[in-house]
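# Results of the structural survey
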Amino acid sequence: MARKTSSKARDQLRDDNMAIAEKLREYGDLLDEQGEDSFRSRAYRRASNVVAALNTPVATIVAEGGREALEALPAVGEAIAGAIIQMVASGRWVQLERLRGELTPEVLFRTTPGIGPRLAGVLADDGTLETLEDLEHAIHFGNLALKGIGPRRKQMIASALAERLGRRSAPRLWKKSSQPPIALLLEVDRAYRDKAASGALRLIAPRRLNPTHEAWLPVMHMELGGWHFTVLFSNSRRAHELGKTKDWVVIYHQRDGEPEGRTVVMTSTHGRMVGKRVVRPDPAHQTPSPVEPNTSG
């Protein structure tokens, strides 16, 4: 009987590895379908093959060696290790859900001990928090000042996140993403809005704040200046409330070997910059620091 149980457990662990491998492959396929023309889609498929061939459960690798052990695997760098950690921790992967149009941060946040439905909704409505790493960063850098989250509750949530995200030591608590040059971000913003206006981009139907299930959200992938970009109009509650869903452009950016960052470009509505496109760093992804707006339109 014990042998049968052990065999069943091994089969389940292999199924878990295969589920992660399938999601990595799907992500690579979606990059291709949505116009990504680079090695990045192939990198995710290579990582999918590595995970599928593992004899050790990915969850065990994370539990015993943390993120560093994942990054030591062939074809698994910083970004893909982060993706695998997300899937092990919560069964979800924000970047994949983003490309599917299924991103629902409130559902993800509810998987964390100490966060109930009401708080999860408040965090998601903030518009700057999408991932567990966003939440971890906000807690540790003091960007999360909400009623109902006292020091003790913050510590409980922080401890749960550190364990789920495979943190092995304090120095690796948060690796800051780099910020592309403002001129480059404005170039990407301009290209996205031009292509969206001409109907050249694939449209996805976001699940969140889209009761009619309309495919309205253009998605663009671009590689420029050594950066990988994924670009969409904002689908945050605040963007909908202010009628800015065709103005606020969310740019996800990443360089090889670094975590993903996020920047918002929008049209200024006041001051000397009124009518100009300005760059705003996303507080969920970066330690707060001023970024001067650019005058390019």
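## Some remarks on the overall build of the protein chain
Secondary structure assignment for the protein chain yields 11 helices and six strands. Burial status across the protein chain gives 47% buried among its 297 residues. Carbon and sulfur atoms make up 52% of the accessible area of the protein chain, which totals about 14300 Å².

## Quick word on the pattern of salt bridges
Under the defined criterion, the tally for this structure stands at 15 salt bridges. For the salt bridge of Arg-92 with Glu-97, the shortest nitrogen-to-oxygen distance reads 3.2 Å. Per residue, the accessibility class of Arg-92 equals that of Glu-97, and both read buried. As a salt-bridge pair, Asp-247 and Arg-277 come within 3.3 Å of each other at their nearest N and O atoms. With a gap of 30 residues between them, Asp-247 in the loop between α11 (237-241) and β4 (249-254) and Arg-277 in strand β6 (residues 277-281) connect regions that are remote in the sequence. Comparing Asp-247 with Arg-277 shows no difference in burial state: the two are buried.

## Remarks on the nonpolar core
Within the largest apolar cluster, 70 residues are counted, with the highest numbers of intra-cluster contacts made by Leu-24, Leu-70, Ile-84, Leu-135 and Phe-229. Ranked by residue count, the leading element in this core is helix α4 (residues 78-90), at seven residues. Not counting the four nearest positions on each side in its chain, Ile-84 is found in contact with Ile-20, Leu-24, Val-51, Val-58, Leu-70 and Val-76.

## Quick notes on the environment of Met-156
You can see Met-156 is positioned in helix α9 (residues 151-164). We classify Met-156 as partly exposed; its relative accessible area is 43%. For Met-156 and Pro-113, which are 43 residues apart along the polypeptide, the C-alpha to C-alpha distance reads 7.8 Å. Apart from the residues lying within four places of it in its own chain, the contact partners of Met-156 are Pro-113 and Gly-114.

## Quick notes on α4
For α4, which comprises 13 residues, the first-to-last C-alpha distance of 18 Å matches the rise-based estimate of 18 Å (1.5 Å per residue) to within 8%. Taking burial as the measure, the 13 residues of α4 include 11 buried ones, the bulk of the element. Every buried residue of α4 is accounted for by Glu-78, Ile-80, Ala-81, Gly-82, Ala-83, Ile-84, Ile-85, Gln-86, Met-87, Ala-89 and Ser-90. At the exit of α4 stands Gly-91, carrying a positive phi of roughly 80°.

## Description of the sheet that holds β4
Spatially, the six strands line up as an open sheet ordered β1-β2-β3-β4-β5-β6, and their pairing is antiparallel. Among the strands making up the open sheet, the edge pair consists of β1 (202-204) and β6. Each neighbouring strand pair of the sheet contributes to a mean axis angle of 30°, computed without reference to strand direction. Here β4 runs beside strand β5 (residues 261-267); their pairing, made up of five bridges, is antiparallel. Residue pairing in the sheet places Ile-251 in a bridge with Thr-263 of β5. Set on the sheet, helix α10 (residues 182-198) makes contact with β2 (217-224), β3 (227-233), β4, β5 and β6; between it and β2 the angle comes to about 140°.

## Details of the packing of aromatic side chains
A complete count under the given rule lists four aromatic pairs for this structure. Put simply, the rings of Tyr-27, Tyr-44 and Trp-93 touch in pairs and so form one group of aromatic residues. Sitting over the face of the ring of Tyr-252, Arg-98 holds its NZ or CZ atom 3.4 Å from the ring centroid.

## What about the side chain of Thr-263?
Along the chain, the position of Thr-263 falls in strand β5. Here the side chain of Thr-263 touches Gln-179 through a polar contact of 3.3 Å, side chain to side chain.

## Some points on the environment of Pro-117
For Pro-117, the position within the fold is in helix α7 (residues 117-125). On the basis of relative accessible area, Pro-117 is assigned to the exposed category, the value being 55%.

The rules behind each value
- Residues numbered from 1 in each chain as written.
- Predicted model: local features only at pLDDT ≥ 70, side-chain atom pairs only at ≥ 80, totals over all residues.
- Heavy atoms only, no water.
- Helix = DSSP H or I, 4+ residues; strand = E, 2+ residues; numbered from the N terminus.
- Buried < 20%, exposed > 50% of the residue type's maximum accessible area, 1.4 Å probe, protein only.
- Areas by Shrake-Rupley, 256 points an atom, 1.4 Å probe, with all protein chains shown as cover.
- Salt bridge = Lys/Arg side-chain N within 4 Å of Asp/Glu carboxyl O.
- Core = buried A, V, L, I, M, F, W, Y, C linked by side-chain atoms within 4.5 Å.
- Contact = heavy atoms within 4.5 Å.
- Expected span 1.5 Å × (residues − 1).
- Pairing = 2+ DSSP bridges.
- Axes fitted to C-alpha atoms, helices over the stretch in contact; angles between N-to-C directions.
- Phe/Tyr/Trp six-rings, centres within 6.5 Å; stacked < 30°, edge-to-face > 60°.
- Lys NZ or Arg CZ within 6 Å of the ring centre and 35° of its normal.
- Polar contact = N/O pair within 3.5 Å; in protein donor to acceptor, adjacent residues only side chain to side chain.

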